[in-house]
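So you can see what is in the structure, the chains are spelled out below.
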Amino acid sequence: MAIYGTALLALCTIIGVALGEALGLALHVKANVGGVGLAMMLLMAARSWLARTGRLTPQLRLGVEFWAALYIPIVVAMAAQQNVLAALDGGPMVAIAAVLTVGLCFSLVSVLGRLGGAPRD
């Protein structure tokens, strides 16, 4: 059932938002820093773990894929509500964190591509 995927997403969202709030506090930013992104990464990790352990049923897979398909529109809608200019007025920490995050993501894509080897059909 798709409800299992929804339950898994809810759990990942709660953990991701909590981690985003903790990261915001650690960086002295009065905002949730990356909670939705962390939640999606947790969802992907949970799906991978369930698949490796043989616990990913077709119904659960369907629920996870459903929410993965909705991820981009949800993030776009959330980003539209944020005030980027207000965030930049908070100081250079926001810009530094953004540049470092993008750089880290770009470098990890390359590393993960090399570790993955040739694509399988």
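Bear in mind the structure is a predicted one, so any value in this text is a computation, not a measurement.

For the chain, the helix and strand inventory stands at 5 helices and 0 strands. For the chain, the N- to C-terminal ordering of α and β elements is α-α-α-α-α. In the chain, which comprises 121 residues, the proportion classed as buried is 15%. For the chain, contacts bridging at least 24 residues in sequence account for 52% of all contacts bridging at least 6. Entry remark: accessible area of the chain is about 9000 Å², with carbon and sulfur atoms responsible for 73%.

Now for a nonpolar patch on the surface. There is a patch of nonpolar side chains on the surface, built from Leu 23, Leu 27, Met 93, Ile 96 and Leu 100 and spanning about 440 Å² of accessible area. In terms of residue count, the dominant contributor to the nonpolar patch is helix α5 (residues 92–116) (3 residues). Its place among the elements puts Leu 27 in the loop between α1 (2–26) and α2 (35–52).

The next thing to look at is the confidence of the model for the chain. Scored by pLDDT, the chain comes out at a mean of 81, with 82% of its residues at no less than 70. When the elements of the chain are averaged for pLDDT, helix α4 (residues 84–89) gives the smallest value, 66, and α1 the largest, 87.

Attention now goes to the pattern of salt bridges. Tallied over the entire structure, the rule returns 1 salt bridge. A salt bridge links Glu 65 to Arg 61; its shortest N-O distance comes to 3.0 Å. Linking Glu 65 with Arg 61, this pair stays in helix α3 (residues 58–81), spanning 4 residues, or about one helical turn. Residue Glu 65 is classed as partly exposed on the basis of its relative accessible area, which comes to 35%.

What counts, and at which threshold
- Residues numbered from 1 in each chain as written.
- Predicted model: local features only at pLDDT ≥ 70, side-chain atom pairs only at ≥ 80, totals over all residues.
- Heavy atoms only, no water.
- Helix = DSSP H or I, 4+ residues; strand = E, 2+ residues; numbered from the N terminus.
- Buried < 20%, exposed > 50% of the residue type's maximum accessible area, 1.4 Å probe, protein only.
- Contact = heavy atoms within 4.5 Å.
- Areas by Shrake-Rupley, 256 points an atom, 1.4 Å probe, with all protein chains shown as cover.
- Patch = residues over 30% accessible without salt bridge, like charges linked within 9 Å, V, L, I, M, F, W, Y side chains within 5 Å.
- Salt bridge = Lys/Arg side-chain N within 4 Å of Asp/Glu carboxyl O.
- pLDDT = per-residue confidence, 0-100.

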